[in-house]
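# Summary of the model geometry
Letter by letter, the chains look like this.
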Amino acid sequence: MTVLGNPPGVDGDGALIRIGPPLLREESDACPEGRALRARPLLVQQPGRSRRKPVEDFWFQPVDRLLDAVEHEGRAIAEAVANRWHIRNCSDAHAEWAREAARTFLAARDLEQSARTASGHPATSPVRPRWVGGRKLNASDARGADQYERTAWGRQYASEDGAVRELWIPSLGQVKVDRPLPEVVAAAHVLATGIPARTPYLERSEPLAAPPPQPGRVRVLGVGLRDGSTAVLGDWDVDEVQRLFDVHVRDRMAKVTDGRGRSPGSDCVRCEALAGCRDIPHVPGLLGTPGATRPRKRRSVSVSDLRAYRDCPARYHLTRVLNLRDGRLENEAIRRGRAVDTWLNACHGARPAVPCRDILLPDTLPGLDEIELPAARAMIRAHRGLCPLDGLPATERVEPQRSVAVYDARADVVVFAACDVVYTDDGGVVIRETKTAAHRFGERRHLVETFPQLALGVLLLASGALGGDPRRSRVELEVLRPDGARLEELDPCDGPTLDQSRQVITGLATGWAADETYAAEPAPDFDCSDCEAARWCSVGRSRRAADTAGETR
């Protein structure tokens, strides 16, 4: 337990430590020091950076406003959804989804409450002031902290006498029943010990006067906003909550608070120390776009994001930023590709590494039935002759499913690349991308246009972001088909290849970088029926209706 020194370019009040359940998640790319910094929310980048959001990027924000209007202001849901103030700064499709989700949430609440009261349990009513747990110290401790706060996110409710408190945690699709126990217990502990408080942005929480009596029982529920499904995630008396907290949460909170060491990944996007961090590769101009004309919140992007934006800006914003999807089932090709990738990743990640030719073909693959299995097995068989581990010395490093994060300071964007395999070879670094296909693809000269992730790989290797000697490095494309396989190589030091890769990435990123509306403007060749968010998009519905009308003529 030591004081966390302010990283370069960061200043403020490090004496407040505030932790909510999301910080407790044990994610593979978590940055220990980045999370310790996030647990000190009053330490911020200096000089300050913009937090402006041209368009709302948190899926639940408009739903929260609508529910506040109904539950705290006494408005009817019809009146609330008619008031555009509640959906301000939201795209039309996001607003339509939010209206639907708010109704679903309220219906789920009514159904669950009716069942509870019918069973003899007390009804609960909405509570607006946020419950905040923690303690204030008389003097700074060994961490340099003088105030600890614990928070939980969700909709709050309590019985009339305050003996029961509830927290409802929404999820986008069906109810999420597999939330990690430490997160559920951490939220329950806030209910059991917290007091109503104000928590202004970039300030310490302030307890409200005359706090109500502490509860004897707390409940944490999940609710799915797609179908109104609900589940009780935790229902405990306060003594049991304290016991569970001591067993499952206390040490994990200490680990987050005292985290040291850095690991570039998803935490970088929100990190106040990013500008001065040298553990993440800095490649200014990687995207080939100028800085924003108006300051805005830092963002992240991947090639998959940029391809979705190319299809339609609204589709990108709805499905990649807000994660709004209609829950449709994936087609056979996608499921087959995922099953093959999963098998290959398991083999490439084995220790000690063994070439795939030395491993028996699988009798089953997750997600595939007996009819779909033969084509996938044939692709794996074809891979055996191209496996990157075949003949690779044991001293070389092999990283399947390597997630790469790079910071483009000129655009203030963290760029992510999910590489199928990254491995070293005689002083160079190799990025291997594997694609499954039912048919052959076009000429080699169009590879970086057909597969833009190859273009990004070329730029990453040429910049030295992954280390190694660029002259010994390469990008590989392996295409697996039921009737065979093909391997192509791209040299990051080849002038025409490098120039074409820059053109591809800049062409994809330029419109995305400047966009502040994400209008529904589908590309001419994009079929809106393929969009998982089309049901909330008026343009998508119109195009589908026109297509249907044309088919019936």
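Data block above holds the structure.
Because the structure is predicted, anything quoted here is derived from the model rather than measured. (Residues numbered from 1 in each chain as written. Predicted model: local features only at pLDDT ≥ 70, side-chain atom pairs only at ≥ 80, totals over all residues. Heavy atoms only, no water.)

### Digging into the overall build of the chain
Rule in force here: Per the convention used, a helix needs a DSSP run of H or I reaching at least four residues, while a strand needs a run of E reaching at least two, with both numbered from the N terminus. Only C-alpha atoms enter the radius of gyration; for comparison, a globular chain is expected to reach 2.2 Å times N to the power 0.38, where N is the number of residues. The buried label applies to any residue whose accessible area, calculated with a 1.4 Å probe on protein chains only, is under 20% of its type's maximum; exposed applies above 50%, and partly exposed to all values in between.
Helix and strand counts for the chain come out as 15 helices and 18 strands. By the compact-globule yardstick of 24 Å for 553 residues, the chain fits well, its C-alpha radius of gyration being 26 Å. Summarising its shape, the C-alpha atoms of the chain cover approximately 70 × 70 × 55 Å along the three principal directions. Going through the 553 residues of the chain one by one, you find that 49% of them count as buried.

### Things to note about the pairing of strand β14 (residues 398–408)
What counts here: A pair of strands is labelled paired if DSSP reports no fewer than 2 bridges between them.
In the sheet, β14 pairs with strand β15 (residues 413–425) via 10 bridges, with the strands oriented antiparallel. Bridging from a neighbouring strand, Glu399 pairs with Val422 of β15. Hairpin geometry of β14 and β15 is characterised by an intervening segment of 4 residues between the two adjacent antiparallel strands and by a positive phi of about 55° at Asp412.

### Some points on helix α2 (residues 61–71)
Keep this limit in mind: In what follows, residue pairs with any heavy atoms lying within 4.5 Å of each other are defined as contacts.
Among the 11 residues in α2, 9 count as buried, and that is most of the element. Turning to α2, its buried residues are Pro62, Val63, Arg65, Leu66, Leu67, Asp68, Ala69, Val70 and Glu71. Looking at the buried side of α2, the elements it contacts are α3 (77–82), α4 (92–118), β4 (124–126) and β7 (155–159).

### What about the sheet that holds β4?
The line we're drawing: Every angle, taken between N-to-C directions, lies between 0 and 180 degrees, and every axis is a line fitted to C-alpha atoms, over only the stretch in contact when it is a helix.
Spatial ordering of the open sheet is given by β4-β7-β8-β11-β12, a layout of 5 strands whose pairing is mixed. Bordering the open sheet on either side are β4 and β12 (230–237), each of which pairs with just one other strand. Each adjacent strand pair in this sheet contributes to an overall mean axis angle of 25°, direction not counted. Both strand β11 (residues 217–224) and β12 contribute to a ladder of 7 bridges, which runs antiparallel. Looking at the pairing, Arg217 lines up with Asp237 of β12. On top of the sheet, α4 reaches β4, β7, β8 (164–171), β11 and β12; it is set at about 145° to β8, its chief contact.

### Digging into the nonpolar core
To be explicit about the condition: Definition used in this section: a nonpolar core is a set of buried Ala, Val, Leu, Ile, Met, Phe, Trp, Tyr and Cys residues joined via side-chain atoms within 4.5 Å.
Leu286, Leu287, Leu454, Leu456, Leu460, Leu466 and Trp512 are the most contacted members of the largest nonpolar core, which totals 45 residues. Every element with two or more residues in this core is listed here: α8 (303–311), β14, β15, β16 (428–436), α12 (447–450), α13 (452–463), β17 (474–481) and α14 (495–514). Leu466 has contacts with Val404, Val422, Val429, Ile431, Leu460 and Leu461, leaving out every residue within four places of it along the chain. Within the second largest apolar cluster, 33 residues are counted, among which are Ile19, Leu23, Ala158 and Leu167.

### Some thoughts on the sheet that holds strand β9 (residues 195–198)
One open sheet holds the 5 strands; their spatial order is β2-β6-β5-β9-β10, and the pairing between them is mixed. Sheet topology places β2 (16–19) and β10 (206–207) at the edges, where each strand pairs with a single neighbour. Direction of pairing for strand β5 (residues 130–136) relative to strand β6 (residues 147–150): antiparallel, over a ladder of 4 bridges. Its bridge partner being in β6, Gly133 is matched across the sheet by Arg150.

### A few points about unusual backbone geometry
In this chain, Gln46 is followed by Pro47 through a cis amide linkage whose omega measures -5°. The residue Pro47 is located in the loop between β3 (43–45) and α2 in this model. The phi dihedral of Asn89 falls on the positive side, at around 65°, and the residue is not glycine. Mapped onto the secondary structure, Asn89 falls in the loop between α3 and α4.

### So, the packing of aromatic side chains
Convention followed: Pairing of aromatic rings covers Phe, Tyr and the six-membered ring of Trp, with a centre-to-centre limit of 6.5 Å; geometry is then stacked below 30 degrees between planes, edge-to-face above 60, and tilted otherwise. Should the NZ of a Lys or the CZ of an Arg lie within 6 Å of a ring centre and within 35 degrees of the ring normal, that charge is described as sitting over the ring.
Scanning all chains against the criterion turns up 10 aromatic pairs. Here the aromatic rings of Trp59 and Trp97 are separated by 6.2 Å at their centres, their planes lie at 75°, and the arrangement is edge-to-face. A residue pair is termed long-range when its members are at least 10 positions apart, and Trp59 in the loop between β3 and α2 and Trp97 in helix α4 qualify at 38 residues. For the residue pair Trp59 and Trp97, the accessibility class agrees, reading buried in each case. Grouping aromatic residues by their ring pairs yields a cluster made of Phe58, Trp59, Phe60, Trp97 and Trp153. Across the ring face of Tyr157, the terminal group of Arg109 is positioned such that the distance to the ring centre comes to 3.7 Å. Here the guanidinium or amino end of Arg135 rests over the ring plane of Tyr148, the centre of that ring lying 5.0 Å away.

### Notes on the environment of Val247
Residue placement: Val247 occurs in helix α6 (residues 238–248). We classify Val247 as exposed; its relative accessible area is 53%. In sequence terms Val247 and Pro182 are 65 residues apart; their C-alpha atoms lie 9.1 Å from each other.

### Description of the packing of α8 against helix α9 (residues 313–321)
Where we set the bar: By definition in this entry, angles of less than 35 degrees are roughly parallel, angles greater than 145 are roughly antiparallel, angles of 65 to 115 are roughly perpendicular, and the rest are oblique. Side-chain classes are defined by residue name, with Ala, Val, Leu, Ile, Met, Phe, Trp, Tyr, Cys and Pro counting as nonpolar, Asp, Glu, Lys and Arg as charged, and the others, Gly among them, as polar.
Relative to each other, α8 and α9 sit at 135°, their axes nearing to 5 Å. By the angle class used here, α8 and α9 are oblique. In contact with Ser304, Asp305, Ala308, Tyr309 and Asp311 of α8, α9 contributes Pro313, Arg315, Tyr316 and Arg320. Of the residues assigned to the contact of α8 with α9, the class counts are 4 nonpolar, 1 polar and 4 charged.

### A short note on the packing of α2 against α4
To be explicit about the condition: Crossings are assigned a handedness: left-handed for a near helix turned anticlockwise from the far helix by less than a right angle, right-handed for a clockwise turn.
Running from N to C, α2 and α4 point in directions that differ by 45°, and their axes come no closer than 8 Å. Considered as vectors, α2 and α4 are oriented oblique to each other. At the point where α2 passes α4, the crossing takes the right-handed sense. Along its contact with α2, which presents Pro62, Val63, Leu66, Leu67, Val70 and Glu71, the element α4 presents His94, Trp97, Ala98, Arg99, Ala101, Ala102, Phe105 and Leu106. Across the contact of α2 with α4, the residue classes tally to 11 nonpolar, 1 polar and 2 charged.

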